[in-house]
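# Tertiary structure, described
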Amino acid sequence: MSSLIAYYPGNTLFHKLDPRAKIIFMVILSMAIFAVQQIPVALVVLAVMLCLWFVARLPFSVLWSFIKVLLPIIGFLFLVQAVFYPGNTPLIKPLIPIGRGYGQVTLEGILFAVLLALRLMAMIIMLPLVNFTTPVQIFALGMVKMGLPYRLAYTMTTALNLVPILQGETSVIVDAQRLRAMQSFEKGTLVEKLKAYPALVTPLVIGSMRRAQLMAVAMDSRAFGASKSRTYLEDIRLHVGDWVFICLTVAFTIGIIVASYVM
Amino acid sequence: MTHLNLKISQGEFVAIMGENGASKSTICQMLNGIIPNSIGGRLSGQVLIHGLNTKETGISELATKVGIVLEDPETQLFTTSVKAEVAFGPENLSLPPDEIEERVAWALKTVRLNGYEERLPSSLSGGQKQRLAIAANIAMRPDILVLDEATSQLDPVGVEEVLSVVRELNQKYGMTILMATDASEMIARLMDRVVVLNQGQLEADGTPIQIFANTALFNKLMIRSPQVSQLATLLKNEGHPLPTFPITVPEASDGLQTLLEGTTPAPIDPVKPAVYGSRELAIQVEHLDYIYQPLDVHAVKDVSFEIRQGEFVALIGQNGSGKTTVLKNLLGLLRPTSGKVIVAGQDTKITAVAEMARHVGFVLQNPDQQLFAETVEEEVAYGPKNLKLAKELIEQRVAEALKLVGLENKREEFPPAMPKGDRAKVVIASALALDPSIIILDEPTTGQDYRGCHQIMQIAQSLHEQGRTVVFVTHHMALVAEYAQRVIVLSGGKVLLDDVTEGIFAKPDVVRQACIIPPQITELGQALPAGMGLPRNPLTVQTMSAAILNRFDQKFLATPSHSTLRV
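Residues numbered from 1 in each chain as written. Chains lettered and ligands numbered in written order. Predicted model: local features only at pLDDT ≥ 70, side-chain atom pairs only at ≥ 80, totals over all residues.

A tally of regular secondary structure across chain A gives ten helices and two strands. Taken from the N to the C terminus, the helices and strands of chain A come in the order α-α-α-α-β-β-α-α-α-α-α-α. With the principal axes as the frame, chain A shows a C-alpha extent of 65 × 55 × 30 Å. Residue burial in chain A is summarised as follows: out of 263 residues, 30% are buried. Taking the contacts inside chain A whose residues are at least 6 apart along the sequence as the reference set, 74% of them involve residues at least 24 apart. (Helix = DSSP H or I, 4+ residues; strand = E, 2+ residues; numbered from the N terminus. Buried ≥ 20, exposed ≤ 12 C-beta atoms within 10 Å, placed from the backbone. Contact = placed C-beta atoms within 7 Å.)

Once that is clear, we can look at the overall build of chain B. Each helix and strand counted, chain B has 23 helices and 18 strands in total. The C-alpha atoms of chain B give a radius of gyration of 25 Å, which matches the 24 Å a tight globule of 567 residues would have. Expressed along its principal axes, the backbone C-alpha trace of chain B runs to roughly 70 × 65 × 50 Å. Across the 567 residues of chain B, 53% fall into the buried class. (Rg over C-alpha atoms; globule rule 2.2 N^0.38 Å.)

Take the domain arrangement of chain B next. All names here are of chain B. The domain architecture assigned to chain B consists of domain 1 (13–213), domain 2 (227–262 + 520–557) and domain 3 (281–513). Put simply, the middle of domain 2 and the middle of domain 3, counted by C-alpha atoms, are 34 Å apart. In this complex, domain 2 contributes six residues to the contact, which on the side of domain 3 involves eight residues. Classifying every residue of the side of domain 2 that touches domain 3 gives one nonpolar, five polar and no charged. (Domains from an automatic or database assignment. Nonpolar A, V, L, I, M, F, W, Y, C, P; charged D, E, K, R; others polar.)

All names here are of chain B. When you tally the buried positions in strand E17 (residues 486–491), you get six out of six residues, the bulk of the element. Of the two faces of E17, the one carrying Arg-486, Ile-488 and Leu-490 and the one carrying Val-487, Val-489 and Ser-491 are both buried. For strand E11 (residues 312–316) and E17, the ladder comprises four bridges, and the chain directions are parallel. Across the sheet, the residue bridging to Val-313 is Arg-486, located in E17. Relative to strand E18 (residues 494–500), E17 runs antiparallel, the two sharing six bridges. Each bridged residue has a counterpart across the sheet, and for Val-489 the counterpart in E18 is Leu-497. Connecting E17 to the next strand, E18, in antiparallel fashion are two residues, including Gly-492 with a positive phi near 55°. (Pairing = 2+ DSSP bridges.)

All names here are of chain A. Put simply, helix H2 (residues 19–35) and helix H10 (residues 240–262) touch, their axes get as near as 10 Å, and they point 5° apart. By the angle between their axes, H2 is roughly parallel relative to H10. From H2, Ala-21, Ile-24, Phe-25, Ile-28, Leu-29, Ala-32 and Ala-35 reach across to H10, where they touch Asp-242, Phe-245, Ile-246, Thr-249, Thr-253, Ile-256, Ile-257 and Ser-260. Here the contact of H2 with H10 is built from residues that sort into eleven nonpolar, three polar and one charged. (Axes fitted to C-alpha atoms, helices over the stretch in contact; angles between N-to-C directions. Parallel < 35°, antiparallel > 145°, perpendicular 65-115°, else oblique.)

Our focus in this paragraph is the nonpolar core. Ranked by size, the top nonpolar core spans 192 residues in total, and within it B:Ile16, B:Ala135, B:Val360 and B:Ala429 carry the most contacts. Those residues within four positions of B:Ala135 in sequence are excluded, and the remaining contacts are B:Val86, B:Ala107, B:Leu108, B:Thr110, B:Val111 and B:Leu113. Counting residues in each nonpolar core, the second largest holds 31 residues, with A:Phe25, A:Leu46, A:Leu58 and A:Ile125 among its members. (Core = buried A, V, L, I, M, F, W, Y, C linked by C-beta atoms within 7 Å.)

We now examine helix H16 (residues 391–405) of chain B. Residue and element names in this part refer to chain B. For H16, with 15 residues, the first-to-last C-alpha span of 22 Å sits near the 21 Å given by 1.5 Å per residue. Residues of H16 that are buried sit in contact with helix H15 (376–386), helix H17 (420–432) and helix H18 (450–465). Looking at the residues trailing H16, positive phi occurs at Gly-406, about 75°. (Expected span 1.5 Å × (residues − 1).)

Bringing the interface of chain A and chain B into the picture now. Reports of interface size often rely on the accessible area that becomes lost once the parts have come together. Each side of the interface is counted separately: chain A has 47 residues, and chain B has 58 residues. Elements with a contribution of two residues or more to the side of chain A that touches chain B: helix H6 (136–145), helix H7 (150–178) and helix H9 (190–220) of chain A. No other element matches the 13 residues that H9(A) contributes to the side of chain A that touches chain B. Partitioned by chemical class, the residues of the side of chain A that touches chain B number 28 nonpolar, twelve polar and seven charged.

With that settled, the discussion passes to the environment of A:Gly109. Residue and element names in this part refer to chain A. By the secondary structure assignment, Gly-109 is in helix H5 (residues 107–131). When the 25 C-beta atoms within 10 Å are taken as the criterion, Gly-109 is described as buried. C-alpha of Gly-109 to C-alpha of Thr-89: the two residues are 20 residues apart in sequence and 9.1 Å apart in space. Beyond its immediate stretch of four places on either side in the chain, Gly-109 contacts Gln-81, Ala-82, Tyr-85 and Gly-87.

This part is about the environment of B:Leu479. Residue and element names in this part refer to chain B. Counting through the fold element by element, Leu-479 comes out in helix H19 (residues 477–483). The spacing of Leu-479 and Ala-232 is 247 residues in sequence and 20 Å in space, taken between C-alpha atoms. Non-local contacts of Leu-479, meaning those with residues more than four positions away in its chain, are made with Thr-445, Cys-453, Met-457 and Thr-474.

Residue and element names in this part refer to chain B. If you trace the six strands from one edge of the open sheet to the other, you get E4-E5-E6-E1-E7-E8, paired in mixed fashion. Edge strands, defined here as strands with exactly one partner in the open sheet, are strand E4 (66–69) and strand E8 (201–206). Between one strand and the next, the sheet's axes are offset by a mean angle of 20°, whatever the strand orientation. Of the strand pairs in this sheet, strand E1 (residues 13–17) and strand E7 (residues 193–198) are connected by four bridges, and their pairing is parallel. Paired with Val-14 across the strands is Arg-193, a residue of E7. Across the sheet, helix H1 (residues 24–31) is in contact with E1, E4, strand E5 (144–148), strand E6 (176–180) and E7; its angle to E5 comes to roughly 150°. Its contacts with the sheet put helix H7 (residues 156–173) on E1, E5 and E6, and the angle it makes with E6 is roughly 150°.

For the rest of this paragraph, the subject is the packing of helix H3 (residues 39–55) of chain A against H5(A). Residues and elements named next belong to chain A. The interhelical angle for the contact between H3 and H5, taken along N-to-C directions, is 25°, at an axis separation of 9 Å. With respect to H5, the axis of H3 lies roughly parallel. For the pair H3 and H5, the sense of crossing is left-handed. The segment H3 lies against H5, with Ile-39, Ala-42, Leu-43, Val-45, Leu-46, Met-49, Leu-50, Leu-52 and Trp-53 engaging Leu-111, Val-114, Leu-115, Leu-118, Arg-119, Met-121, Ala-122, Ile-125, Met-126 and Leu-129. Split by residue class, the contact of H3 with H5 holds 18 nonpolar, no polar and one charged. (Left-handed = near helix turned anticlockwise from the far one by under 90°.)

For the rest of this paragraph, the subject is unusual backbone geometry. Residues and elements named next belong to chain B. With phi around 60°, Arg-112 is a residue other than glycine that occupies positive phi space. Mapping Arg-112 onto the fold places it in the loop between helix H5 (97–110) and helix H6 (126–138). Judged by local crowding, Arg-112 falls into the partly exposed class, with 15 C-beta atoms found within 10 Å.

Our focus in this paragraph is the pairing of strand E14 (residues 360–363) of chain B. Residue and element names in this part refer to chain B. Here E14 shows two buried faces, one formed by Val-360 and Phe-362 and the other by Gly-361 and Val-363. Examined bridge by bridge, E14 and strand E15 (residues 438–442) share four bridges and lie parallel to one another. Looking at the pairing, Val-360 lines up with Ile-438 of E15.

The terminal C-alpha atoms of H7(A) lie 42 Å apart, and with 29 residues this matches the ideal 42 Å at 1.5 Å per residue to within 8%. For H7(A), the set of buried residues is A:Tyr150, A:Tyr154, A:Thr157, A:Asn161, A:Ile165, A:Ile173, A:Ala176, A:Gln177 and A:Arg178. Those residues of H7(A) that are buried lie in contact with H6 and H9 of chain A together with helix H14 (353–356) of chain B.

The next subject is the environment of B:Ile439. All names here are of chain B. Note that Ile-439 resides in strand E15. As a C-alpha pair, Ile-439 and Ile-428 span eleven residues in sequence and 9.1 Å in three-dimensional space. With residues near it in sequence (within four places) discarded, Ile-439 still touches Gly-361, Val-363, Ala-431, Leu-463, Arg-468 and Val-470.

Time to look at the sheet that holds strand E13 (residues 346–347) of chain B. Residues and elements named next belong to chain B. The sheet built from four strands is open, its strands ordered E10-E9-E12-E13 with antiparallel pairing. The sheet is open, and its two edges are formed by strand E10 (297–308) and E13, each paired on a single side. Where strand E12 (residues 338–343) meets E13, two bridges bridge the pair, whose relative direction is antiparallel. Bridging across to E13, Val-343 finds its partner in Gln-346.

All names here are of chain B. Residues at a pLDDT of 70 or more form 95% of chain B, whose mean pLDDT is 89. For the stretch residues 558–567, pLDDT sits under 50, and the model shows 16 contacts to residues farther than four places along the chain or on other chains. Across the interfaces of the predicted complex, the ipTM metric reaches 0.84, alongside a pTM of 0.83. (pLDDT = per-residue confidence, 0-100.)

Following this line, the structure appears as structure tokens:
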């Protein structure tokens, strides 16, 4: 069952962090992850993310469902890198030699694909780690305190929350079309899958537009955006623990970058 | 909407009725200035709220005058706790935190959600969500609360929850309430005034009695009056008017006793035990259990039933009673955790969904979740094309399906732009084009007006008459009584009752356990004193009126088994 707002209530250390600490964590680590060049470093980053997932007591089954979605993409990456990455250590002779190492599966190609897959997984764990443990209104408040205008902050958090809503909506639409004997998503060829897309995308787009319009009605009737200086029922404060977390994050990020370029 | 003049005084409790397309939502959204300030359009004339022109008044000021609750609970809740949801409006008004706390506490107490402060709004039931939406609006202390079809997606319990809150707001705080709704029995019970709209114009305006007794109005428009009022109108047309025009059960019961005084009760034929369907099994569910992972929700517990080919069955129960889970198991979208489901001879545990689609047609509650093609014709041909049928056969299937739903003259229209009733018919035709022996409809009448409801149910009935098995899910008990032959009641994931329709409503106490309230006409039959010689559990207004008229003239003996409503 998909929940509308992707927030998993909890009382863990990670839940209690100030949203600003989590936003800093999210922003600088996602940049650092792209800088990672070595498989061992990527493994360390991934392990840290998994530990945090455990600390936040988020369900591993949800994580597994993300990984499942990623698997085809990872498979595709492997294929592309194996075929096109220039390398000197051929593992399998090329079927069609293209020249200069292209077209043959090389050790370098495989290793690069592994690195990409690890980076992708680290990213895909990190984003929900923040999103799932922070109530929307607190997330928005964090952004406002960091200087963003309220309307923008709220629009951004709402957009984040639309992802699970659209996921739920998509699965209803896919089921409806499967019951009209559409099989392309289970066993169709790539061309058949592409041809089947309008049957999913059209209702999804029309439905989202209707939903957005109604949401605007509901928000207007509750005076959204009435004044720039809005008050907040809940207040947030950076505690010692938050500063420790921010320092650890910065240190970890520097560590990753140093390891990637100096080692 | 053209030339509409309407005045509402502070403290009134007003219902807005009308067919789909009568501009009910337009008027609701005009009241708090969303039209024309946020959504475009040309507004001539003016809307004044306490003398303030909505066109010239800011959203924030209007928001403190008029609150609005919409039909779909999901689109109006956007935070992650009940408390934050209610605080959202007052925060936008830049109120000091102390006052916000105070208002949140008051609003939650008023809608009886105190104690739920930290809950996730998405984890609440439908009725609770709508009450939360009310709290979020009244926390801004409006004088007027508008509910735009706010109860139409709720089960009867949810409707009652919302109504009792709204009534208290009206009586205790003098809040003006405007409700767009077609739940006429509720209007009769609670409201002071009914405004009937027709194509953007004011058609009628008066007290519930004035409106429901207006025969000319109900001949002109397809809107629903309470069943006891329908009965009174039928009797009046045959020359036997009740002493006073009734809109509630006690009024009708008193009136009937006066009317029938001195006539002798004719013996009623005992209800013959009905045998429905053929010998062949269409659906067989044996000890079905279903547990949702990863949260380990035990949604369906040891459910068993059999449906024979050609039966017309209603599946009813409160939200969360397991109806949807059972349906998904029948369709192969979910596989039983344990137990067995055989549909049209196929074991759903091992049959692909696309294969199931050949045997079972499914009509989704919201047509907009599957319409995508540019023409009706193309939309209906989608299923047969997926099955890779021959071109001539596809053409034939599409023609037959469109004829069955009465859309043969609208082949070239663009489905998303069609009226709601027609969109539902396109979806039914799409399911029929696969020529299934079983049709399952999941709340097919949600969001439809009276005309739409009966058009859809009459299509279902014609499919049943062709020998197909029809299973439908609904909260609308008058439709169950009028159309279904048999009813399966689910409660807490289990089968509570499984009987012919007469049998189900004959046990009002048991049915109420599943939070289901029998149709008003059945309640009238049960409210009449014993020995009146009238049916105890009449299912339709026609059955009841025939039995009464029979007392005056024997020619009315032949009772139509189903609605003879023209739609």
